[in-house]
Amino acid sequence: MTSREIIDGVITSINAQIARRKATAEGSKKVAVEIGDDEMIIIYNAQIQMLERIEKDLIQVEMNAKISYMGINTD
């Protein structure tokens, strides 16, 4: 397995976990909107924004990792 495959596998796993957490937060926010709970709406908006920032940071980490390990083969 190459370093690139390892990095891709880890990034894919983290992205899937972030997507699940975002979906949960968005579903909970929808419920909060339906019942008119403004405090929970604010909390879920913040949680969704944080997850989106993590996604963006992860893209940068992935790029840096691929550059750092470019050409290294762990076969």
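The following paragraphs examine the structure supplied in this document. (Residues numbered from 1 in each chain as written. Predicted model: local features only at pLDDT ≥ 70, side-chain atom pairs only at ≥ 80, totals over all residues. Heavy atoms only, no water.)

## With respect to the overall build of the protein
Stated precisely, the cut-off is as follows: Helix numbering and strand numbering both begin at the N terminus, where a helix is a DSSP run of H or I of at least 4 residues and a strand a DSSP run of E of at least 2. Two things to know: the radius of gyration comes from C-alpha atoms, and the globule rule equals 2.2 Å times the number of residues to the power 0.38. Only protein chains enter the accessibility calculation, which uses a 1.4 Å probe; a residue is then buried when its area is under 20% of its type maximum, exposed when over 50%, and partly exposed in between. Values of accessible area rely on a 1.4 Å probe in the Shrake-Rupley scheme; residue burial ignores everything except the protein chains shown. Neither His nor the chain ends is counted toward charge; the positive residues are Lys and Arg and the negative residues Asp and Glu. By convention, charge coordinates are those of NZ in Lys, CZ in Arg, CG in Asp, or CD in Glu.
Along its length, the protein carries two helices and zero strands. Taken against the 2.2 N^0.38 rule, which gives 11 Å for 75 residues, the C-alpha radius of gyration of the protein at 17 Å runs more than 25% over that of a compact globule. Projected onto the principal axes, the alpha-carbon positions of the protein cover approximately 55 × 15 × 10 Å. Every one of the 75 residues in the protein was classed for burial, and the buried ones make up 19%. Summed over its atoms, the accessible surface of the protein is roughly 5,600 Å², and 58% of this surface lies on carbon and sulfur atoms. Taking the average place of the 9 positive charges on the side chains of the protein and the average place of its 12 negative ones, the gap between the two points comes to 2 Å.

## A look at the nonpolar core
Taken as a class, soluble globular proteins show a tendency for nonpolar side chains to be buried jointly. So the rule is basically this: Here the nonpolar core consists of buried residues drawn from Ala, Val, Leu, Ile, Met, Phe, Trp, Tyr and Cys, with membership extended through side-chain atoms lying within 4.5 Å. Throughout, a residue-residue contact means that at least one pair of heavy atoms, one from each residue, lies within 4.5 Å.
In terms of nonpolar packing, the biggest core is built from six residues, these being I7, I11, I18, L51, L58 and A65. Contributing elements (two or more residues each) for this core: helix 1 (3–35) and helix 2 (38–68). If we skip the residues at most four places from it in the chain, L51 touches I18, R21 and K22.

## Regarding the packing of helix 1 against helix 2
As a reminder, the rule being used: With axes taken as lines fitted to C-alpha atoms, and helix axes fitted only over the stretch in contact, angles between N-to-C directions fall between 0 and 180 degrees. Roughly parallel covers angles under 35 degrees, roughly antiparallel covers those over 145, roughly perpendicular covers 65 to 115, and oblique covers all other angles. Lys, Arg, Asp and Glu make up the charged group, whereas Ala, Val, Leu, Ile, Met, Phe, Trp, Tyr, Cys and Pro make up the nonpolar group; the residues left over, Gly among them, are polar.
Axis separation between helix 1 and helix 2 bottoms out at 9 Å; the angle between their running directions is 170°. Relative to helix 2, the element helix 1 is oriented roughly antiparallel. Of the residues that constitute the contact of helix 1 with helix 2, the class distribution is 15 nonpolar, four polar and ten charged.

## Re the pattern of salt bridges
Note the threshold: Just to be clear on terms, a salt bridge is a Lys or Arg side-chain nitrogen sitting within 4 Å of an Asp or Glu carboxyl oxygen.
Taken as a whole, this structure holds two salt bridges when the rule is applied. For E52, the salt bridge identified is with K22, shortest N-O distance 3.8 Å. One end of the pair, E52, is in helix 2; the other, K22, is in helix 1, and 30 residues separate them in sequence. Given a relative accessible area of 33%, E52 falls into the partly exposed group. A network of salt bridges, in which partner residues are shared, links K22, E52 and E55.

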